Amino acid sequence: MIDLPAAAAAIGLLSGSIHAWLWVVPGLLIGLLFGALPGISVTMALALVLPASLYMDFLPAIIFLTSVYTGAGFGGSIPAVLINIPGTSAAVATTFDGYPMARSGRHNEALGLALVASCIGVLGSYIVLFLTVEPMADIVLRIGPFEMAAIGIWGMVLLGSIGGGSLAKGLFASGLGLLFGMVGMNTAGYMRGDMGIPWLLDGVPTIPAMVGLLAASQLFGLINSRFIVDKAEDRRISIRRILAGGAEALRHPVVLLRGSIIGVVIGAVPGIGASVANLVSYAETRRTAPDRESFGKGNPKGVVASESANSSSEGGSMATMLALGIPGGGATAILLAAFAMHNVVGGPRFMEESRDLVYAIILSNFAQALILLPVGIGFVLVASSVVRLPMRYLIPSVLVLSTMGAFAVEGSIAGPLTLYVFGVLGWLMARFGFPVAAVVVGLLLGRLIETELLRAWQLSGGELARLLDYPWAIGIIVLMLVTLGVSAWKEARRRPA
Amino acid sequence: MCIAWGQALFTTALAGAVLAFLLEARGVSLVADNLLLLQPTAIATLVLWLVILAGCLRPRAVRTADAEAVEAEVAAESPRDLARVLLLVLAFGACIAGLEPLGYDVSFWLFVLAALALGGERNPVALALFPPIFTALLIWGFRALVPYPFPTSLL
């Protein structure tokens, strides 16, 4: 599976070019910074630095951009842990246990867990990519709308069924999120629920709504607290505890491995990527854990599951991009644009003719994952000081920063308005015991599930029997129904007679 | 019979919005391309509303543990604490509403000042300096980063 002469040529390319390595640390730092800023997505970070790469040679340019990509992948988890704002949509599941860990004074450990899980996720995904870049492309081509819709529904229903204290409330919140995701014009051209507001035709702005639901709603309720972490001794920033958290990640090899595999596979599917991978990995880890009741309350395995999956999805999406020339998402679309700027076209011919470059890109990413560890620790040490800020300063600062982030995503007042409406809704939902995260998941997946279901419906000509031709999709749906049944049964048993 | 009124009313309001969305979507078109996922999701959500409502309306002896926990948490909050949260929500709403007429700079400045005061900051130097300095840094930073123009009055 490995073309050894090409791999040797790749090592030669990398060892002979100091310029390629000069850009790794700046790229990681830029990625960490942009990833940590709410509202600034990985795609936006890459778009902002893309012009700078025009003046570099092809390999240093791609290494610089993939460093930004790798840094942003972990950067998103920092605000997710510290202030419950996922810096990117790929870090949504990191908030579920990362933020409760921070609230209980374990922010150092949570960030260490996230960092090591991210590094291992990136490393694992590129090892998989190094070994299987060609067969992966073949698998990706076999995944159709039936399978994609099934994956989306799976992630959503699993989270709805296990979030919060009540199954009915979890599913209600998921349904609500799914309906929010369907507002506006669908792919068949029907306009629903837009209330005559022009910007709602494109749907509810996802990132502002997500930040409103998860962060603004929490911040409203925290006005009566003095600090994120109550006890003064727990607010200390400790490199020893960050490293201890990192070491703890290694004590969950199954969670790491499962997250990495889920990340690579889902990341490779165009249009799905890291924002779904972290949710599916989290849901699977929670479903199979013996201590599932402690998830959502600060279980380290939740952070490991989410971060290993969102980081490893980078390798998956790179596989699709390199082997097929298809961008799996916005970030890989920018990378393909960088290819084009250097007169290189990604895809099967690039794989065939420039395999040494493909291997050089993959090998440089191994190095990036290893360099991310010390760079990430340094960045985390600075970023963690947020827990020392009094809430009376933190709340207005974060709300205003999020508002600007929401504006930056949409380029209009639509972003801030959405942030506010969903912030208030999230606060009310949390107050009445609804799992707000389930709404976020539904919102993220609603449009995707509807689009894929519509495609599947059109492909089958409206005949349900055609579903039998897609055993993988059926398998996923059966697994989902069994999980749902088990959750309902367990809840019924918990209730007093 | 002891009814969890807050939860019941909130869930009913959400269910009302779901029903309105379903009816509006059905008004657009009844074809599968329009309702394939929307209609079953809306109906399932309405059924779940009935289940949640039943949990809120049962006699205290058989109310679900979840409903009890929510009621206990809400009851533990003092009226003063709740008033502070509501004032913050209103202040943030006013800030968002003022972004275009007042400008992002003035609106943010006033909101940060109000939120600091609500959070208990009484140091006049901090109240005078932090809001304008933070706002200025934010506006200049985002102006450098974001390609879209946004209205400001002073900066």
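Residues numbered from 1 in each chain as written. Chains lettered and ligands numbered in written order. Predicted model: local features only at pLDDT ≥ 70, side-chain atom pairs only at ≥ 80, totals over all residues.

Student: Where do I start with the overall build of chain A in this structure?
Tutor: On a plain count of helices and strands, chain A comes out with 22 helices and two strands. A buried classification covers 62% of the 497 residues belonging to chain A. (Helix = DSSP H or I, 4+ residues; strand = E, 2+ residues; numbered from the N terminus. Buried ≥ 20, exposed ≤ 12 C-beta atoms within 10 Å, placed from the backbone.)

Student: Teacher, can you tell me more about the overall build of chain B here?
Tutor: Secondary structure summary: chain B contains seven helices and zero strands in total. In chain B, the succession of helices and strands from N to C terminus is α-α-α-α-α-α-α. When the 155 residues of chain B are sorted by exposure, 30% land in the buried category. For chain B, the proportion of contacts with a sequence separation of at least 24, taken over those separated by at least 6, is 59%. (Contact = placed C-beta atoms within 7 Å.)

Student: Whenever I open this one, the interface of chain A and chain B confuses me. Can you help?
Tutor: Note: interface size is frequently given as the accessible area lost on complex formation between the parts. In this complex, chain A contributes 49 residues to the contact, which on the side of chain B involves 54 residues. When residues of the side of chain A that touches chain B are traced back to their parent elements, those giving at least two are helix 10 (167–181), strand 2 (191–192), helix 11 (206–221), helix 19 (391–410), helix 20 (414–431) and helix 21 (436–460) of chain A. For the side of chain A that touches chain B, the leading source of residues is helix 19 of chain A, giving twelve residues. Among the residues forming the side of chain A that touches chain B, the class breakdown is 32 nonpolar, eleven polar and six charged. (Nonpolar A, V, L, I, M, F, W, Y, C, P; charged D, E, K, R; others polar.)

Student: Quick question: what am I supposed to make of the packing of helix 10 of chain A against helix 21 of chain A here?
Tutor: Each pair of packed helices can be described by the angle between their axes along with the distance between the axes. Residues and elements named next belong to chain A. At their nearest, the axes of helix 10 and helix 21 sit 6 Å apart, and the two run at 35 degrees to each other. The two elements helix 10 and helix 21 meet at a crossing, and its hand is right-handed. In this structure, helix 10 uses Gly170, Ala173, Ser174, Gly175, Leu176, Gly177, Leu178, Phe180 and Gly181 to contact helix 21, whose residues at the interface are Ala438, Val439, Val440, Val441, Gly442, Leu443, Leu445, Gly446 and Arg447. Partitioned by chemical class, the residues of the contact of helix 10 with helix 21 number ten nonpolar, seven polar and one charged. (Axes fitted to C-alpha atoms, helices over the stretch in contact; angles between N-to-C directions. Left-handed = near helix turned anticlockwise from the far one by under 90°.)

Student: What is the right way to look at the packing of helix 19 of chain A against helix 7 (residues 124–145) of chain B in this model?
Tutor: At their nearest, the axes of helix 19 of chain A and helix 7 of chain B sit 11 Å apart, and the two run at 20 degrees to each other. It follows from the interaxial angle that helix 19 of chain A and helix 7 of chain B lie roughly parallel. Along this stretch, helix 19 of chain A crosses helix 7 of chain B, giving a crossing that reads as right-handed. Seen from helix 19 of chain A, the contacting residues are Ser397, Val400, Leu401, Met404 and Ala408 of chain A; seen from helix 7 of chain B, they are Phe134, Leu138 and Phe142 of chain B. Residue classes in the contact of helix 19 of chain A with helix 7 of chain B are distributed as seven nonpolar, one polar and no charged. (Parallel < 35°, antiparallel > 145°, perpendicular 65-115°, else oblique.)

Student: Before we go on, may I ask you to explain unusual backbone geometry in this structure?
Tutor: Residues and elements named next belong to chain A. With a phi angle near 50 degrees, Met195 is a residue other than glycine that sits in the positive phi range. In this structure, Met195 sits in the loop between strand 2 and helix 11. At Asn343, a position not held by glycine, the phi torsion is positive, near 55 degrees. By secondary structure assignment, the location of Asn343 is in the loop between helix 16 (330–341) and helix 17 (348–353).

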